[in-house]
Amino acid sequence: MEIKIKEILPGEKKPKPKDESKLGFGKIFSDHFFTMEYKEGVGWRNASIEPYRPLILDPAAMCLHYGQEFFEGMKAYRGKDGAIYLFRPMENIRRMNSSAERLCSPVIDEELFLEALKKLIILDKDWIPKSEGTALYIRPTMIATEAALGVHPADEFLFFIILCPVGAYYPQGFSPTKIYVSEEHVRAVRGGVGNIKAAGNYAASLLASKKASALGCTQVLWLDALERKYVEEVGTSNIFILIGDELLTPPLSGSILPGVTRDSVIAMARSWGVKVTERAPSIDEIIMAHGKGTLKEIFASGTAAIVSPVGQICYKDIECVIGGGKVGKLTERLYREILDIQYGVKNDPFGWRVKIYP
Ligand SMILES: *Cc1c(COP(=O)(O)O)cnc(C)c1O
């Protein structure tokens, strides 16, 4: 399928943010977006890149009522050499399609998806910020647009990709977070939709986040839904725990999002000879390891931050400070090495980086 491109008139271009240190996350959008429509029996059609604009939706559009809606999150990086890079984009494309299958929505041809990404990013390349740690965040999204009430798989969908320049995650250097162990609420259960980026998962997580911030914590540590015992994720990131010299991360058992960063951390740590085990420790095991002095590091992993060090855990009335509240050595090394691959600073033994321009 051909992608039609309708460029914005020069006079209508939005002003670019001047101060890259004030970009923040997810508030500014570039000049263009990609859209494509689906109709049962016809397939995907009208692939186009157009000036960014509001969508027109029927108030009965099914995504608004029944949450048949999911997304992806990835980034384009401006390398030290001025080139534009993506990081393992096929992983995000395949994960989007597995979300589609789980939510009875149409899959997208992988090649067309990648072509749409490249064309859109290259057209809006001046929106990619230049300072270290900044990037262009990419949000592919699919929504059910059929106008109908009554729960059934929709027969019309819209797929779109929007772009936003985002600031460095750690403008003042690493700051370890304080996390709150949620006993009352759970994020996902095996057999549910916790292993895909279904929009409803994030709405369901808000109340626990609110409770965490009321207690002075920045993130929620989610426990498994059945026993409320084994750790699963931190906020919207995967979790890693270094006990002794073994790096633990929960296995992809169905309630955990298969993070691209998680997979990269596992591969990189193993390549350094670190013992990585896919096993979910219980919160009690973590507290005990802390007592014994064998709990060395905890960090979260995800596209936004790469890795985010955890400095303190609040569980019931227990407060555990990890590694004296300082950033662990392994956390720091993983951050640096993945960042250097993403920005083209170091060579890329894993073949993760994809140059899209020039
Ligand atoms: C997106 C996400 C992650 C991290 O995935 P990456 O591919 O590494 O960005 C982890 N957990 C949840 C719940 C997520 O939504």
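Residues numbered from 1 in each chain as written. Predicted model: local features only at pLDDT ≥ 70, side-chain atom pairs only at ≥ 80, totals over all residues. Heavy atoms only, no water.

Considering the nonpolar core
Grouped together as the largest cluster of nonpolar side chains are 48 residues, with contacts concentrated most on F34, L117, I121, I138, F159 and I161. The contacts of I138, once residues within four sequence positions are left out, are E72, G73, M74, K75, A76, L86, L117, I121, I161, I162 and L163. (Core = buried A, V, L, I, M, F, W, Y, C linked by side-chain atoms within 4.5 Å. Buried < 20%, exposed > 50% of the residue type's maximum accessible area, 1.4 Å probe, protein only. Contact = heavy atoms within 4.5 Å.)

A closer look at the domain arrangement of the protein
Domain parsing of the protein yields domain 1 (4-166) and domain 2 (177-342). The partner domain 2 presents 21 residues to the 19 residues of domain 1 that form the contact. For the domain 1 face of the interface with domain 2, the top three residues by lost area are F71, F87 and R95, together amounting to 35%. Counting across the domain 1 and domain 2 interface gives ten residue pairs in polar contact (both at pLDDT 80 or more). Among the elements of the structure, β4 (69-71), β5 (74-78), β6 (84-87) and α2 (89-102) are those that each provide at least two residues to the side of domain 1 that touches domain 2. With six residues, the single largest contributor to the side of domain 1 that touches domain 2 is α2. For the side of domain 1 that touches domain 2, the per-class residue count stands at seven nonpolar, four polar and eight charged. (Domains from an automatic or database assignment. Buried area = accessible area lost by both parts, 1.4 Å probe. Polar contact = N/O pair within 3.5 Å; in protein donor to acceptor, adjacent residues only side chain to side chain. Helix = DSSP H or I, 4+ residues; strand = E, 2+ residues; numbered from the N terminus. Nonpolar A, V, L, I, M, F, W, Y, C, P; charged D, E, K, R; others polar.)

Regarding helix α6 (residues 260-271)
Here α6 spans 17 Å end to end across twelve residues, near enough to the 16 Å set by a 1.5 Å rise per residue. If you check which residues of α6 are buried, you get V260, T261, R262, S264, V265, I266, M268 and A269. At the exit of α6 stands G273, carrying a positive phi of roughly 90°. (Expected span 1.5 Å × (residues − 1).)

So, the pairing of strand β8 (residues 156-166)
Across the eleven residues that make up β8, a large majority, ten, are buried. With six bridges joining them, strand β2 (residues 32-39) and β8 adopt antiparallel strand pairing. From the neighbouring strand, K39 faces β8, where its bridge partner is E156. Note: strand β7 (residues 135-144) against β8, ten bridges, orientation antiparallel. Bridge pairing in β8 links M142 to F159. (Pairing = 2+ DSSP bridges.)

Topic: helix α8 (residues 329-342)
With 14 residues, α8 extends 20 Å between its outermost C-alpha atoms, agreeing within 8% with the 20 Å of an ideal straight helix rising 1.5 Å per residue. Residues of α8 that are buried include every one of L330, T331, L334, Y335, I338, L339, D340, I341 and Q342, and no others. Remark: G344 follows α8 within two positions and exhibits a positive phi of approximately 70°.

Some words on the site of the ligand
In the neighbourhood of the ligand, 14 residues make up the surrounding shell, with K197, Y202, E233, T261 and T303 lying closest. At a separation of 2.5 Å, an oxygen atom of the ligand approaches a polar side-chain atom of Y202. With respect to the ligand, the side chain of T303 contributes an N or O atom lying 2.6 Å from an oxygen atom. Burial of the ligand by the surrounding chains reaches 96%, relative to a free accessible area of 380 Å². Across the shell around the ligand, the residue classes break down as three nonpolar, seven polar and four charged. (Near = heavy atom within 4 Å. Areas by Shrake-Rupley, 256 points an atom, 1.4 Å probe, with all protein chains shown as cover.)

Remarks on the pattern of salt bridges
The tally for this structure, following the rule as stated, stands at 18 salt bridges. With its nearest N and O atoms 2.9 Å apart, the salt bridge here joins D263 to R88. Placement of D263 in helix α6 and of R88 in the loop between β6 and α2 is noted, with a sequence separation of 175 residues between them. On the basis of relative accessible area, D263 is assigned to the partly exposed category, the value being 36%. Counted as one network, the salt bridges with shared partners bring together K80, E132, R336 and D340. (Salt bridge = Lys/Arg side-chain N within 4 Å of Asp/Glu carboxyl O.)

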